[in-house]
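This is what each chain is made of:
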Amino acid sequence: MPDHAFELSFTAACEQAIVQQWLALQAADIPSQADHRSMTNAPHLTLVAAAPIDPQVIGPAVSLIGPLLPTEVRLRGLILLGSGPRITIAHLVEPTAELAEATSRLRALVPGLRHPVWMPHLTLARRVPRRLLPAALEVVHASPAPEVLVADRLRWWDPDASVVEDVAVG
């Protein structure tokens, strides 16, 4: 069963900066988020992912996160996730203290979290063969993202109902 999720989306300018990194990786024949054509595929910061999340949590999510929007998050370098032959490349994201606290409170309302500890990150590429890591890092560094991104929307993703909607806008 696919995960349900609450995610932060970014302003158009911030989103475009990340998409440019996706496209640069794709142009270099390196796996990239640009390769995914899903209706949910856009730069985002996942706050909560679980299968499932009760839709009754939408109200509390809006109450907790909505008043913080828009909010700035800082990119603090790249991280590599995974231990097998293919890895994920992502930006490590540093949220504000207020966003981290609100996210912790939101996550406490959701049983069955995919990841019990929140590691805020923004994915650039998944399933990158380890042999392509040096080239991938060169591409990402040649197409730098801004140090600060502005998140202006809280998005709800319900794969069972094929719903992707902004439930709070700042």
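Above: the structure in question.
Residues numbered from 1 in each chain as written. Predicted model: local features only at pLDDT ≥ 70, side-chain atom pairs only at ≥ 80, totals over all residues. Heavy atoms only, no water.

Draft legend 1. Just the packing of helix H1 (residues 12-27) against helix H4 (residues 133-142), in detail. Across the interface, H1 lies against H4 with an axial gap of 9 Å and an inter-helix angle of 140°. When the axes of H1 and H4 are compared, the pair comes out oblique. For the crossing formed where H1 meets H4, the hand is right-handed. Facing Gln21, Ala24 and Leu25 of H1, the residues of H4 in contact are Ala136, Val139 and Val140. Partitioned by chemical class, the residues of the contact of H1 with H4 number 5 nonpolar, 1 polar and no charged. (Axes fitted to C-alpha atoms, helices over the stretch in contact; angles between N-to-C directions. Helix = DSSP H or I, 4+ residues; strand = E, 2+ residues; numbered from the N terminus. Parallel < 35°, antiparallel > 145°, perpendicular 65-115°, else oblique. Left-handed = near helix turned anticlockwise from the far one by under 90°. Contact = heavy atoms within 4.5 Å. Nonpolar A, V, L, I, M, F, W, Y, C, P; charged D, E, K, R; others polar.)

Draft legend 2. Representation of the packing of aromatic side chains. In the structure shown here, the tally under the stated rule is 1 aromatic pair. Between the aromatic rings of Phe6 and Trp156, the centroid separation amounts to 4.8 Å while the plane-to-plane angle is 40°, which identifies the pairing as tilted. Taken together, the positions of Phe6 in strand S1 (residues 4-10) and Trp156 in strand S6 (residues 148-158) put the pair 150 residues apart, joining distant regions of the chain. Taking relative accessible area as the criterion, Phe6 reaches 0% and is therefore assigned buried. (Phe/Tyr/Trp six-rings, centres within 6.5 Å; stacked < 30°, edge-to-face > 60°. Buried < 20%, exposed > 50% of the residue type's maximum accessible area, 1.4 Å probe, protein only.)

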